[in-house]
Amino acid sequence: MPSGLVALLDDVAVIARTAAASVDDIAVAAGRAGSKAAGVVIDDAAVTPSYVTGLSPARELPIIWKITKGSLKNKLLILLPGALLLSEFLPSAIIWLLMLGGGFLAYEGAEKVIEKLGGKKHGATLEDTITDPVEFEKQRTSGAIRTDLILSGEIMAITLNEVAAEDFLTRAGVLALVGFVITVVVYGAVALIVKMDDVGLAMTKRDSSIAQRIGHGLVAAMPGLLTALSIIGTVAMLWVGGGILLHGTHELGWHLLYDIAHGAQYAVEGGLGSLGGFMGWLTYAALSALVALIVGGIIAFVLHNILGFGEEKGAEVAH
């Protein structure tokens with residue numbers, strides 16, 4: 001009996017060590033994959049506040065919570081099973097999904113640049129006449145969740161691409177962990193951003209002069225922060241989308257653009273000494289963004305001027 005108990009305990013210890021090693025593997029792989037998806041995460045965090053900006057302050061957190069729940073459903077109930085099935089039965093499709101996502105990001109980023117330069121706006125905005133605030137909120141929430149589905153799909157595809165060689169359980173664990181952590185981080189940050197002015201306003205009413213100064217500073221900084229986030233979001237869309245397109249074309253055997261971008265990166269790295277690493281990365285990111293701007297501009301032109309996509313969206317809000 002004692003020897004049997006010892007053997008049992010030894011087996012349990014082996015299983016526990018194996019499980020711990022698996023958890024460590026998942027954590028390491030999740031960290032590696034999460035870093036690759038950082039650009040999409042920045043874009044997600046930068047884009048989302050626009051969906052609640054200008055609406056009633058009382059509705060901001062409830063809307064963000066709805067979007068958060070929709071994001072978790074997107075990642076864990078739709079994208080996770082789909083990604084695992086693809087990785088198991090059709091792994092060659094992953095690169096094409098990445099390319100589609102990269103094209104979408106390029107289109108979104110290019111469209112924002114075109115609108116900023118005076119081009120025609122597409123889709124409902126806060127400048128439109130809003131006759132039904134409840135319906136408008138519903139539309140914006142649905143739009144945010146749809147955009148999140150695309151960005152989440154890109155995050156999951158990038159993650160899956162990083163752990164494609166791992167076993168099934170590790171892939172599942174990494175995808176679930178990355179999906180959950182990124183959702184909490186992104187929408188937690190979004191909640192803090194959109195309530196920053198309310199926190200600042202409350203602090204201006206405190207007795208402490210320091211608290212009042214901080215409060216006035218937070219309130220004053222909010223418009224600039226939202227503008228900066230909009231710019232960062234657009235840049236992130238173009239940088240990430242272009243990088244995905246360059247990498248995807250290289251993987252598919254079309255090496256020219258990839259070689260040009262990396263050639264420029266290596267030339268800058270070799271010529272700038274201690275600053276070479278950062279400036280080389282910046283060069284590659286800028287060229288990636290340029291590729292995305294061109295590709296996205298072509299997609300936007302075809303969709304809006306040839307296919308007529310999105311031309312009537314702005315009118316729907318006033319119905």
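Cut-offs and rules
Residues numbered from 1 in each chain as written. Predicted model: local features only at pLDDT ≥ 70, side-chain atom pairs only at ≥ 80, totals over all residues. Heavy atoms only, no water. Helix = DSSP H or I, 4+ residues; strand = E, 2+ residues; numbered from the N terminus. Contact = heavy atoms within 4.5 Å. Areas by Shrake-Rupley, 256 points an atom, 1.4 Å probe, with all protein chains shown as cover. Patch = residues over 30% accessible without salt bridge, like charges linked within 9 Å, V, L, I, M, F, W, Y side chains within 5 Å. Salt bridge = Lys/Arg side-chain N within 4 Å of Asp/Glu carboxyl O. Buried < 20%, exposed > 50% of the residue type's maximum accessible area, 1.4 Å probe, protein only. Polar contact = N/O pair within 3.5 Å; in protein donor to acceptor, adjacent residues only side chain to side chain. Phe/Tyr/Trp six-rings, centres within 6.5 Å; stacked < 30°, edge-to-face > 60°. Core = buried A, V, L, I, M, F, W, Y, C linked by side-chain atoms within 4.5 Å. Axes fitted to C-alpha atoms, helices over the stretch in contact; angles between N-to-C directions. Parallel < 35°, antiparallel > 145°, perpendicular 65-115°, else oblique. Left-handed = near helix turned anticlockwise from the far one by under 90°. Nonpolar A, V, L, I, M, F, W, Y, C, P; charged D, E, K, R; others polar. pLDDT = per-residue confidence, 0-100.

A. Fine view of the overall build of the chain. The secondary structure content of the chain amounts to 11 helices and zero strands. The linear arrangement of helices and strands in the chain, starting from the amino end, is α-α-α-α-α-α-α-α-α-α-α. Pairs at least 24 apart in sequence give 78% of the contacts found in the chain among residues at least 6 apart. About 17100 Å² of surface is accessible on the chain, with carbon and sulfur atoms providing 70% of the total.

B. How the structure looks around a nonpolar patch on the surface. Together, Leu 290, Leu 293, Ile 294, Ile 298, Phe 301, Val 302, Ile 306, Leu 307 and Phe 309 make up a nonpolar patch on the protein surface, roughly 860 Å² of accessible area in all. In this fold, Phe 309 is placed in the loop between α10 (276-306) and α11 (313-316).

C. Representation of the environment of Arg 171 in the model. Position of Arg 171 relative to the elements: it lies in helix α6 (residues 168-194). Of the residues examined, Arg 171 reaches a relative accessible area of 6% and is grouped as buried. Engagement of the side chain of Arg 171 in a polar contact is seen with the side chain of Ser 87, the distance being 3.2 Å.

D. Region of the structure containing the packing of aromatic side chains. This structure, assessed with the given rule, holds two aromatic pairs. Measuring from ring centre to ring centre gives 5.6 Å for Trp 239 and Trp 281, while their planes differ by 85 degrees; the resulting arrangement is edge-to-face. Note that Trp 239 is positioned in helix α8 (residues 209-251) and Trp 281 in helix α10, a separation of 42 residues in sequence. Under the relative-accessibility criterion, Trp 239 is labelled partly exposed at 24%. Exposure remark for Trp 281: the relative accessible area of 38% places this residue in the partly exposed category. Within the aromatic cluster, the residues linked to one another by ring pairs are Trp 239, Phe 278 and Trp 281.

E. Spatial organisation of the nonpolar core. Core analysis: the largest hydrophobic core is formed by 18 residues, its most contacted members being Leu 98, Leu 105, Leu 175 and Ile 244. For this core, the elements supplying multiple residues, two or more each, are α3 (57-89), α4 (93-116), α5 (133-162), α6 and α8. In terms of residue count, α5 provides more of this core than any other element does, five residues in total. Among residues more than four places away in sequence, those in contact with Leu 175 are Leu 80, Ala 83, Leu 84, Met 156, Thr 159 and Leu 160. Ala 144, Tyr 187, Ala 191 and Val 194 belong to the second largest nonpolar core, which has 14 residues in total.

F. Spatial organisation of the environment of Ala 83. Following the sequence through the fold, Ala 83 ends up in helix α3. Residue class for Ala 83 comes out buried when judged on its relative accessible area of 9%. Separated by 92 residues in the primary sequence, Ala 83 and Leu 175 have C-alpha atoms spaced 8.6 Å apart. When near neighbours in sequence (up to four residues on either side) are disregarded, Ala 83 contacts Leu 160 and Leu 175.

G. Expanded view of the packing of helix α7 (residues 196-204) against α8. Packing of α7 against α8 brings their axes to within 7 Å, and their N-to-C directions diverge by 155 degrees. Relative to α8, the element α7 is oriented roughly antiparallel. As for how α7 packs across α8, the hand of that crossing is left-handed. Residues Met 196, Asp 197, Val 199, Gly 200, Leu 201, Met 203 and Thr 204 of α7 form the contact with α8, whose participating residues are Ala 211, Gln 212, Ile 214, Gly 215, His 216, Leu 218, Val 219, Ala 221, Met 222 and Leu 225. Residues of the contact of α7 with α8, tallied by class, amount to 11 nonpolar, five polar and one charged.

H. Region of the structure containing the confidence of the model for the chain. Per-residue confidence for the chain gives a mean pLDDT of 76, with 74% of residues at or over 70. Every residue in residues 1-6 scores below 50 in pLDDT, and together they form zero contacts with partners more than four places removed in sequence or on other chains. Of the regions scoring below 50 in pLDDT, residues 8-23 engages in zero contacts with residues more than four places distant in sequence or in other chains.

I. Spotlight on the pattern of salt bridges. Inspection of every chain in the model, using the stated rule, returns one salt bridge. A salt bridge links Glu 88 to Arg 171; the shortest N-O distance between them is 2.6 Å. One end of the pair, Glu 88, is in helix α3; the other, Arg 171, is in helix α6, and 83 residues separate them in sequence. Taking the relative accessible area as the measure of exposure, Glu 88 reaches 42% and is therefore partly exposed.

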